[in-house]
Amino acid sequence: MIQERLLEKITDRTMTVGIIGLGYVGLPLAIAFSSAGYKVIGFDIDKDKVKQLNARQSYIIDISEDKLKTAIAEGFIATTDFSILSEMDAISICVPTPLTKAQTPDTSYIESAVSQINQFKRKGQLIVLESTTYPGTTEELIEQVFKQEGYQVGLDYFLCFSPERVDPGNPVYNTQNTPKVIGGTTENCTLLGKSLYEKVIPNMVSVSSPKVAEMSKLIENTFRSINIAFVNELAMLSDTIDVDVWESIEAASTKPFGFMKFQPGPGIGGHCIPLDPMYLSWKAKEFNFYSSFIDLAQEINRLMPEVVCEKASEALNSVQKSLNGSRVLLLGVAYKSDIDDVRESPALEVYELLREKGTVVSVCDPFVSEFRDRTGNMVQTIYTSDAEFVSYDLVIMLTPHQSFDLQAIALDSQLILDTKNAFQAIANDKIFTMGKMAKKKRLPVSIH
């Protein structure tokens, strides 16, 4: 029986696992399966990535080159040859799911992966979709496609959805110690998927269907999006009524129940929070259901880069300067601290908005050496050691990497706008903090 043979391969670790998409989700998963004793083949359409991996060079911050070398020694290879999919016993799909310009789901990467699997499929394979998407995707884009080919799920092949929970750069939680949800199309599908994944992720959580698993992922990140929008709005309100929102949040967080701490910032970034809620909102509209919370949260969070620019203008006005013609240094372009990931980073939008206003903008980020601007041109960042802070009219803290020497930056800078309250321990009149500075008059500060 097909199911029994797969269970046997899972148990004795003779199963060959294929991972489609070798990014922030796929590569750590591939390394995890390899370290658990499975033969792993990684598939990607990016020839440069494949070449780099096979040369034992990692481009993912959570995967050291030592880990990669060990995996390669154990048999891991990366390839652009999708015909090898026919040799896989299990296939995990870990491809991007961005939004279109119209803010609707772009499932083209999933569809392309499914097309490749369909072309080289064979009976007896386990397929797991990990890419974040709307409820119903696993059935609509995979099960229905295979059904047209005469493949019956649960008998000829097995199908699950198991949403990724990757948090790049997290020093505590990684692929292997983060609980993972899985939902199969049939009970046998769930059993096989859980049996395989729990060999590398001990805490597996089974649910009744792929739709439930798909929805769970969207709930996780929509919850965060809405709460971040709430505190961002509170920051704007606190600015207006002259209340220190940061101190108020700290006070509220002392309550041991019924409260979860979220903090304001220049916007939201990364591969999940800016995108996932719109998948849920889009699906809801198919049923004439309009989610006011989701749409309002997206609107507020998308507004924050504009708010940063307004506050930058206020800060410069306090010393009789304007954005037009001023030299501004952005500290951090990655979407969060201590990583090199700029996907959907609000800093990118702040950069573009300031340039539109005639500001001369430079960027300092110890993790990101370059990034692509709105026109497609590569922008080089500067090293912290090369940043002459005193030469800038304004320094804007967007991503507080731990390697930034805040004391030195505060001492050397003419004026600072702190969007993350990073300089909270430093008493200095030349530091403006969002959510603190509404009605406080600032005088020009002399530079040492």
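Below you will find a few notes about this structure. In this text, all values refer to a predicted model and were calculated from it rather than measured experimentally.

### A few points about a nonpolar patch on the surface
Then, number 1: A contiguous nonpolar patch, built from Leu237, Ile241 and Val243 and spanning about 240 Å² of accessible area, is present on the exposed surface.
Then, number 2: The class of valine 243 is partly exposed, set by a relative accessible area of 31%.

### Remarks on the sheet that holds strand β6 (residues 158-161)
Then, number 1: Read across the open sheet, the eight strands follow the order β3-β2-β1-β4-β5-β6-β7-β8; overall the sheet is mixed. Every other strand in the sheet has two partners, leaving β3 (77-79) and β8 (204-207) as the edge strands with one partner each. Across the sheet, the axes of successive neighbouring strands diverge by a mean angle of 25°, strand direction being ignored.
Then, number 2: Of the pairings in the sheet, the one linking β6 to strand β7 (residues 180-184) comprises two bridges and is antiparallel in character. If you follow cysteine 160 over to β7, its bridge partner there is glycine 184.
Then, number 3: Sheet strands in contact with helix α2 (residues 26-35) are β1 (16-20), β2 (39-43) and β4 (90-93), and its direction is about 170° off that of β1.

### Some thoughts on the side chain of histidine 401
Then, number 1: For histidine 401, the location among the structural elements is in the loop between β13 (394-397) and α13 (406-412).
Then, number 2: Residue histidine 401 is classed as buried on the basis of its relative accessible area, which comes to 2%.

### Observations regarding the sheet that holds strand β15 (residues 431-433)
Then, number 1: If you walk across this open sheet you meet the five strands as β10-β9-β13-β14-β15, and the pairing is parallel. Each edge of the sheet is formed by a strand with only one pairing partner; in this case those strands are β10 (360-364) and β15. Direction aside, neighbouring strands of the sheet carry axes that sit 20° apart on average.
Then, number 2: In this fold helix α12 (residues 346-356) packs onto β9 (327-331), β10 and β13, with an angle of close to 175° to the strand it touches most, β9.

### Let's talk about empty space enclosed by the protein
Then, number 1: Per the stated rule, a full pass over the model turns up one cavity of 30 Å³ or more.
Then, number 2: In this structure, the largest cavity spans a volume of roughly 100 Å³.
Then, number 3: Lining the largest cavity, in full, are Val25, Leu29, Glu130, Glu164, Arg165, Val166, Asn174, Thr175, Thr178, Pro179, Lys180 and Ile201.
Then, number 4: Classifying every residue of the lining of the largest cavity gives five nonpolar, three polar and four charged.

### A few points about the packing of helix α8 (residues 210-241) against helix α11 (residues 292-317)
Then, number 1: Closest axis-to-axis distance for the α8/α11 pair is 8 Å, and the angle between their directions is 45°. As summarised for this structure, α8 and α11 are arranged oblique, according to the angle between their axes. Here α8 runs over α11; the crossing is left-handed. Contacts between α8 and α11 involve Thr222, Ser225, Ile226, Ile228, Ala229, Asn232, Glu233, Met236 and Asp239 from the former and Phe293, Ile294, Ala297, Gln298, Ile300, Asn301, Leu303, Met304, Val307 and Lys311 from the latter.
Then, number 2: When grouped by side-chain class, the residues that make up the contact of α8 with α11 number eleven nonpolar, five polar and three charged.

Definitions and cut-offs
- Residues numbered from 1 in each chain as written.
- Predicted model: local features only at pLDDT ≥ 70, side-chain atom pairs only at ≥ 80, totals over all residues.
- Heavy atoms only, no water.
- Patch = residues over 30% accessible without salt bridge, like charges linked within 9 Å, V, L, I, M, F, W, Y side chains within 5 Å.
- Areas by Shrake-Rupley, 256 points an atom, 1.4 Å probe, with all protein chains shown as cover.
- Salt bridge = Lys/Arg side-chain N within 4 Å of Asp/Glu carboxyl O.
- Buried < 20%, exposed > 50% of the residue type's maximum accessible area, 1.4 Å probe, protein only.
- Pairing = 2+ DSSP bridges.
- Helix = DSSP H or I, 4+ residues; strand = E, 2+ residues; numbered from the N terminus.
- Axes fitted to C-alpha atoms, helices over the stretch in contact; angles between N-to-C directions.
- Contact = heavy atoms within 4.5 Å.
- 1 Å grid on protein atoms, 1.4 Å probe; cavity = no way out; pocket = protein on both sides within 12 Å on 5 of 7 lines; lining within 4 Å.
- Points joined across faces, edges and corners; volume = space filled by probe spheres on them.
- Nonpolar A, V, L, I, M, F, W, Y, C, P; charged D, E, K, R; others polar.
- Parallel < 35°, antiparallel > 145°, perpendicular 65-115°, else oblique.
- Left-handed = near helix turned anticlockwise from the far one by under 90°.

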